[in-house]
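Listed below are the residues making up each chain.
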Amino acid sequence: MIPEFILRAILASIMVSVLLGLLSPIINTKGLAFLTHALFHTLLFGAVLGMILALILNSYGVVLLVALIVTILLLILIAHLEKLGFTSDSAVGIISSFVAGLTVLGFGILYKVMATRPYFPLTQNIVSYLTGDIFLLTLDDLTVLTIGGTTAFFALLLLYRDFLYLSFDPEGMESYGGNTRGYLTILYVLVGVMGALIVQTVGLITLQVVAVLPGAIAIMVSSDLRKVLAVSLFLTITVQLSSVVLAYFTGIPPSGIATILLGTVYGALLFRR
Amino acid sequence: MKAIKARNLSITYNGKPALTDVSFELDEGRTLLLLGPNGAGKTTLLRTIACFHREYTGELSVFSREPCNARELIGYVPQSHSLNEKVPLTALEVVAMGGIYKRGFVHFKIPPEILEKAESALEFVGLGGVGNRLFRELSGGQKQRVLLARALMSDPRLLLLDEPLAALDPSARAEVTNVLDRIKKEKGVTMVITTHDINPLLEIGDLVMLINKRLIAFGRPEEVLVDEVIKSVYGPMARVIPAGGKIYCITGDFHIHSGGGER
């Protein structure tokens, strides 16, 4: 009999793998690796704000919601800066540095609020947010991940071709009547939503790696879009499930194992070249 | 009808003047070759006509409309190296891009009629068999022709081409020039083509505009391409050479070798 927490972890891994498998090639072709760095900052800032609110309101469910809203708003702001003429890297740099500073200030406030409480359940929450803890997922977490993930998956799938065209030639797209601003904003929102949904599973520290490497590896081994997607999906599912199994037997956090596995595959491919 | 009308057009780029006080008119169906040294403002003018750039004063109209209101009449062909070739798109998908944005926001699948039109456009530019090949794996000349096919998908009345012959070998240049000639003759599309090397395009150019931050000369090739005008922009080594009833314009770095090996 498989323990229920393992089943939840496996189901969450499959959902996360499908999302990352589809998103990662777009992150690579659109050159959004640096955006995932911004995602780290916005999610952490959102989580800190959420934790402050959670302590004040005594409702721990608001953490994910606040992180999600803050992340989406900040990513929309990055998309807006890009449309104003800033390069993607500049826009990310401006927002990330600003948000990083605010996060530190937020931590200061969080510690003060925590000091007023007799019991600090969020201490564990902060750590699990950073490293990810798939074995601690509750049924509610899994439900949110499944519903939100399925919605984000279909939105990404339906607009996949448009995102490819946006990556290929945004000016061309605009000149032929495509709403580049709309597509860019939706893409960034989807990146933010997916990041917020999976962060509890993969952890903030390793989020950037697991979001970038599957697509980077898939693009290295194939140039056909269908094969790229197939490799990316296969890789994320294999790595995520393997890391859950290995973590169960070794006690090492699965996000760390997944990152090392991906890094090994990527490094091996680079050496082979 | 006037395809393009510019009156006292001055364009700035990040607040700095890129092109000052340019006036010209281009009739529908004519082909204008836009010539000038690096940084002369050729691409900026092209991008302003295409509504990618909006910092300008004076009057500019495309088929009697503001450029941004005439977008559906314009086909813009960028330099192929400005595209992100990491994206694994086939030639057919690239061409279809020119047709799908006239309707809908979600394009999960390319509609069959758009695919059919894209195949015809590829046939028109002489690339009937390459539809399923990846764009990035095509030669420079083939890529340029795919981009021309893409531009034709929206049935434009005005084609704006940014250096369509840049970095192409002579045979690829001839292929692209032949396609441009077909577009002009069979479709009657007005074209504005920026170029550094005007010679391969002189056969299809009705008018030549020479700019260097301002309008230097505008008129028929034989009026504009004279030593005096060319030297004023490209320096004393630039020349116009008449040969076999044609004119050849030498604007770049060139060397004249004497019999004894002296220069």
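Residues numbered from 1 in each chain as written. Chains lettered and ligands numbered in written order. Predicted model: local features only at pLDDT ≥ 70, side-chain atom pairs only at ≥ 80, totals over all residues. Heavy atoms only, no water.

Attention now goes to the overall build of chain B. Per the secondary structure count, chain B includes seven helices and 11 strands. Per-residue burial for chain B yields a buried fraction of 53% across its 263 residues. Long-range contacts, defined here as pairs at least 24 residues apart, represent 63% of the contacts in chain B between residues at least 6 apart. Positive and negative charge centroids in chain B, built from 33 and 31 side chains respectively, lie 3 Å apart. (Helix = DSSP H or I, 4+ residues; strand = E, 2+ residues; numbered from the N terminus. Buried < 20%, exposed > 50% of the residue type's maximum accessible area, 1.4 Å probe, protein only. Contact = heavy atoms within 4.5 Å. Lys, Arg positive; Asp, Glu negative; His and termini not counted. Charge placed at Lys NZ, Arg CZ, Asp CG, Glu CD.)

Moving on: the interface of chain B and chain A. Often, the extent of an interface is quoted as the loss of accessible area upon association of its parts. Contact with chain B, which involves 35 residues of that partner, is made by 26 residues of chain A. Buried area between chain B and chain A, both sides added, is near 2,800 Å², and the carbon and sulfur share of it is 59%. At the boundary of chain B with chain A, the tally comes to four salt bridges. We note a salt bridge from R71 of chain B to E174 of chain A, for which the minimum N-O separation is 3.3 Å. Where chain B packs against chain A, one counts 14 residue pairs in polar contact (both at pLDDT 80 or more). Every element with two or more residues in the side of chain B that touches chain A is listed here: strand 5 (74-77), helix 2 (91-100) and helix 4 (140-152) of chain B. Broken down by element, the residue count for the side of chain B that touches chain A peaks at six residues, all from helix 2 of chain B. Here the side of chain B that touches chain A is composed, by residue class, of 20 nonpolar, five polar and 10 charged. (Buried area = accessible area lost by both parts, 1.4 Å probe. Salt bridge = Lys/Arg side-chain N within 4 Å of Asp/Glu carboxyl O. Polar contact = N/O pair within 3.5 Å; in protein donor to acceptor, adjacent residues only side chain to side chain. Nonpolar A, V, L, I, M, F, W, Y, C, P; charged D, E, K, R; others polar.)

All names here are of chain B. Considered domain by domain, chain B is made up of domain 1 (2-224) and domain 2 (234-263). Taking only C-alpha atoms into account, the centre of domain 1 sits 29 Å from that of domain 2. Taken together, the 11 residues of domain 1 in the interface contact six residues of domain 2. Across the interface of domain 1 and domain 2, roughly 580 Å² is buried in total on both sides, 57% from carbon and sulfur atoms. The tally of links between domain 1 and domain 2 comes to one salt bridge. Scanning the region where domain 1 abuts domain 2 turns up three residue pairs in polar contact (both at pLDDT 80 or more). (Domains from an automatic or database assignment.)

So, on to the state of the cysteines. Here a disulfide denotes a covalent bond joining the sulfur atom of one cysteine to the sulfur atom of another. Residues and elements named next belong to chain B. The final tally for this structure, using the stated rule, is one disulfide over all chains. Covalently, C51 is tied to C68 through a disulfide, its sulfur atoms 1.8 Å apart. Residues C51 and C68 share a disulfide whose torsion about the S-S bond is about 90 degrees; that sign makes it right-handed. Of this pair, C51 sits in the loop between helix 1 (42-49) and strand 4 (56-62) while C68 sits in the loop between strand 4 and strand 5, placing them 17 residues apart in sequence. (Disulfide = S-S within 2.5 Å.)

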